[in-house]
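Residues per chain, in single letters:
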Amino acid sequence: MDEFRRLTRLPAYVFNITSELKAAARKRGEDIIDFGMGNPDGATPKAIVDKLIEAAQKTATHRYSLSRGIPRLRRAICNWYKTRYNVDLDQETEAIVTIGSKEGIAHLCLAVLDDVDTVAVPNPSYPIHIFGPVIAGSKVQSIPVPDACADQVLAALEYELPRMEPRPKLLILNFPANPTAQCVELPFFERIVALCKELGIYIVHDLAYADIVFDGYRAPSILEVPGAKDIAVEFFTLSKSYNMPGWRVGFMVGNKKLVGALGRIKSYFDYGTFTPIQVASIAALEGPQDCVAEIRDNYKARRDVLVPGLNKLGWPVDLPKATMFAWAKIPEQYRALGSVEFSKKLLAEAKVAVSPGVGFGEHGDGHVRFSLIENEERTRQALRGIKQMFRNG
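Bear in mind the structure is a predicted one, so any value in this text is a computation, not a measurement. (Residues numbered from 1 in each chain as written. Predicted model: local features only at pLDDT ≥ 70, side-chain atom pairs only at ≥ 80, totals over all residues. Heavy atoms only, no water.)

## Details of the packing of helix α12 (residues 290-312) against helix α14 (residues 376-392)
Moving on, step 1. Where α12 contacts α14, the axes come no closer than 9 Å and their chain directions differ by 10 degrees. When the interaxial angle is binned, α12 and α14 end up roughly parallel. Our pair here, α12 against α14, has a crossing hand that is right-handed. On the side of α12, the interface is formed by A301, R302, V305, L306, G309 and L310, while α14 contributes E376, T379, R380, L383 and I386.
Moving on, step 2. Split into classes, the residues belonging to the contact of α12 with α14 amount to six nonpolar, two polar and three charged. (Axes fitted to C-alpha atoms, helices over the stretch in contact; angles between N-to-C directions. Helix = DSSP H or I, 4+ residues; strand = E, 2+ residues; numbered from the N terminus. Parallel < 35°, antiparallel > 145°, perpendicular 65-115°, else oblique. Left-handed = near helix turned anticlockwise from the far one by under 90°. Contact = heavy atoms within 4.5 Å. Nonpolar A, V, L, I, M, F, W, Y, C, P; charged D, E, K, R; others polar.)

Right, here's the structure in full:
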């Protein structure tokens, strides 16, 4: 039989390796503490669930929805941006609902890229930022930033982008960043918007962790930059802010041409998210935001156990200012193993599951990612397991 050529461009999904080992260990009865997938473990706030139930009981909502999203949700999205960032958006031409940001980014790539195009992506990065363009048939030009601070990321982008041949059609960014937890301030976006306007490059920014911020940090929107909508779009998802990962709802806003392109291709692919989910999403965006603060505080409490605990064990890890992740450089004594083998060792000897850094791009191989999805008690148990592993050598 013929090979499926598109699939041959995708490498083996490295997270499956540790996932299968984790499943096998649990089948043997082992208690594995799981910091692997960034899958929020908390319940969706009751008011949002109640609104879903209320809407689902109306039979009119059981029909096909709209692939661009119902108008009332698009209006709520635009109001959310106005209230939060003082950004004006047209709900008809500058906002579109997506089935989570992952689907939206992948379909945007399919809509605007082909095999003559290239895309610039910092490396390491969330996998769909790298493989969305690959699936669309285009080429990715990686910019290595495994340990970089914001100034170093900016310097790398300002150096690399003008020198890339051919010139990238898109630059995909994600701040606060998954997996590295890198954070930027608004002047970073001002510089990047100016550069990409000069070079004729569209910017796709993933703002998934806008609300998961700590210690007084505020995550800016790229659309706060005057004129950013000329070249930029931004994605947001309700998955993290409202504990709604399985609901699969997000949105993209900004540049009319890119919003229109995504809307056109989505009209061929889907009939939109189930209408009651969209109605509940309106309640999330427009309702009291106490639940967002509680979710954020929960992640902070876990961060404040895990990261200082790792440092106390002699494993230096920076305290992240945002996201639900800790990006940990593999300890010197284990660095030669690489991230996959070190993750296997943690699983076998410490009973702790993490994500190998190489799964986020080859420049992540010297790291592992912890997701803050275990409570404080379980996190302390994990630290005891890692301490014992270190003692055993």
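## Side note on the packing of aromatic side chains
For any two aromatic rings, the description comes down to two numbers: the centre-to-centre distance and the angle of the planes.
Moving on, step 1. Counted according to the given criterion, the structure contains 18 aromatic pairs.
Moving on, step 2. On the numbers, 5.5 Å between centres and 65 degrees between planes, the contact of F35 with F370 is edge-to-face. You can see F35 sitting in the loop between β1 (33-34) and α3 (46-56) and its partner F370 sitting in strand β12 (residues 367-371), a full 335 residues away along the chain.
Moving on, step 3. The interplanar angle of 80 degrees and the centroid separation of 5.6 Å between the aromatic rings of W315 and F342 together place this pair among those described as edge-to-face. In this pair, W315 is assigned in the loop between α12 and β9 (325-329) and F342 in helix α13 (residues 338-350), connecting sequence segments 27 residues apart. For the pair W315 and F342, one class covers both residues: buried. (Phe/Tyr/Trp six-rings, centres within 6.5 Å; stacked < 30°, edge-to-face > 60°. Buried < 20%, exposed > 50% of the residue type's maximum accessible area, 1.4 Å probe, protein only.)

## Quick word on the sheet that holds strand β7 (residues 232-237)
Moving on, step 1. Here seven strands make up an open sheet; going across it, the order is β2-β8-β7-β6-β5-β3-β4 and the pairing mixed. What marks the edges here is a single partner per strand, and that holds for β2 (95-98) and β4 (139-144). Here the average twist between neighbouring strands, direction ignored, is 20 degrees.
Moving on, step 2. Relative to strand β5 (residues 170-174), strand β3 (residues 118-123) is paired through two bridges, and the arrangement is parallel. Considered in β5, the bridge of A120 is made with L171. (Pairing = 2+ DSSP bridges.)

## Some points on a nonpolar patch on the surface
Moving on, step 1. A cluster of nonpolar side chains, L110, Y268 and F269, forms an exposed patch at the surface whose accessible area comes to about 350 Å².
Moving on, step 2. On the secondary structure map, L110 appears in helix α5 (residues 100-112).
Moving on, step 3. The exposure class of L110 is partly exposed, given its relative accessible area of 30%. (Patch = residues over 30% accessible without salt bridge, like charges linked within 9 Å, V, L, I, M, F, W, Y side chains within 5 Å. Areas by Shrake-Rupley, 256 points an atom, 1.4 Å probe, with all protein chains shown as cover. Salt bridge = Lys/Arg side-chain N within 4 Å of Asp/Glu carboxyl O.)

## Structural notes on helix α4 (residues 71-85)
Moving on, step 1. Compared with the 21 Å implied by 1.5 Å per residue over 15 residues, the 21 Å span of α4 between its first and last C-alpha is a close match.
Moving on, step 2. Of the residues making up α4, those classed as buried are L73, R74, A76, I77, C78, W80, Y81 and Y85.
Moving on, step 3. Here the buried face of α4 lies against β2, β7, β8 (250-254) and α11 (275-286).
Moving on, step 4. N86 sits one or two positions beyond α4 and adopts a positive phi of about 60 degrees. (Expected span 1.5 Å × (residues − 1).)

## Some thoughts on the side chain of D117
Moving on, step 1. Inspection of the secondary structure assignment puts D117 in the loop between α5 and β3.
Moving on, step 2. Within the structure, the side chain of D117 is placed 2.9 Å from the backbone nitrogen of D114, a separation counted as a polar contact.
Moving on, step 3. Excluding anything up to four places from it in sequence, D117 contacts V112, S138, K139 and K169. (Polar contact = N/O pair within 3.5 Å; in protein donor to acceptor, adjacent residues only side chain to side chain.)

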